[in-house]
Amino acid sequence: DVKVTQSSRYLVKRTGEKVFLECVQDMDHENMFWYRQDPGLGLRLIYFSYDVKMKEKGDIPEGYSVSREKKERFSLILESASTNQTSMYLCASSTTSLAGGLFFGAGTRLSVL
Amino acid sequence: DQQVKQNSPSLSVQEGRISILNCDYTNSMFDYFLWYKKYPAEGPTFLISISSIKDKNEDGRFTVFLNKSAKHLSLHIVPSQPGDSAVYFCAARGVYGQNFVFGPGTRLSVLP
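The present account deals with the structure reproduced in this document.

Quick look at the overall build of chain B now. Looking only at helices and strands, chain B has zero helices and 11 strands in total. Ordered by position from the N terminus, the helices and strands of chain B form the series β-β-β-β-β-β-β-β-β-β-β. With the C-alpha coordinates aligned to their principal axes, the bounding extent of chain B is approximately 45 × 30 × 20 Å. For chain B, contacts bridging at least 24 residues in sequence account for 54% of all contacts bridging at least 6. With an accessible surface of roughly 5,400 Å², chain B has 49% of that area assigned to carbon and sulfur atoms.

Shown next as structure tokens:
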């Protein structure tokens, strides 16, 4: 069974903290993505990666960075967490052609206090 | 500006009836569309897709219709079941795109 695993389901952090969200996929997919989901706004793309050490900005990259040192792992980093980054974060992976769509992890609910 | 729109934030339907969820898009370069279903505290799961070369795709109780001239697609669920209650997202891929653009979602409630 294919799987995208996010390291934490729930996180509570303080303003100004550095936050790491980890994602691992076991499908040997080339592409990996980080989205955030907010009510009324749907899923918005933060960053994506189409290969190891490669990254592309999505629609809302400000305040975030990413790291992809290995094909199966894609990390999202909040350099200095702020309250407006309280959200549901979703990691996804796909083949290069996006055929079959995106496979999502269960999500991480991050609260920044 | 949203390229993929789902103008109904919520929809309530009686069990056994048809649910129709709508999606509009603005970019004529989109060539592949998907519907995802999302339960609370879970990641979205793939439901059904349609390529721009087709106008209909069916999978069990789920049918997606695509009207390219109107830049409109719809998801029909027949018959609707209480377990279908979830948020449904429409997503589109551009021909040269490396990712999908998602709509804001429609919350479907199927009432017993």
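So that's the structure; there's more coming.
This part is about the sheet that holds strand β3 (residues 19-25) of chain A. Remark on secondary structure: sheet strands pair via backbone hydrogen bonds, oriented parallel or antiparallel. Residue and element names in this part refer to chain A. Taken in spatial order, the four strands of this open sheet run β1-β3-β8-β7, and their pairing is antiparallel. Single-partner strands in this sheet number two, and they are β1 (4-6) and β7 (64-70). Strand-to-strand, the axes of this sheet are offset by a mean angle of 20 degrees, without reference to chain direction. As paired elements, β7 and strand β8 (residues 73-78) share five bridges and run antiparallel to each other. Its bridge partner lying in β8, Tyr64 is registered against Leu78.

Let us look at the interface of chain A and chain B. The interface of chain A with chain B comprises 24 residues on the first partner and 19 residues on the second. For the pair chain A and chain B, the summed buried surface comes to about 1,600 Å²; carbon and sulfur atoms form 59% of the total. Scanning the region where chain A abuts chain B turns up zero salt bridges. Elements with a contribution of two residues or more to the side of chain A that touches chain B: β4 (31-38), β5 (42-49) and β9 (87-94) of chain A.

What counts and how
- Residues numbered from 1 in each chain as written.
- Chains lettered and ligands numbered in written order.
- Predicted model: local features only at pLDDT ≥ 70, side-chain atom pairs only at ≥ 80, totals over all residues.
- Heavy atoms only, no water.
- Helix = DSSP H or I, 4+ residues; strand = E, 2+ residues; numbered from the N terminus.
- Contact = heavy atoms within 4.5 Å.
- Areas by Shrake-Rupley, 256 points an atom, 1.4 Å probe, with all protein chains shown as cover.
- Pairing = 2+ DSSP bridges.
- Axes fitted to C-alpha atoms, helices over the stretch in contact; angles between N-to-C directions.
- Buried area = accessible area lost by both parts, 1.4 Å probe.
- Salt bridge = Lys/Arg side-chain N within 4 Å of Asp/Glu carboxyl O.

Any link to function would need more than the numbers given here.
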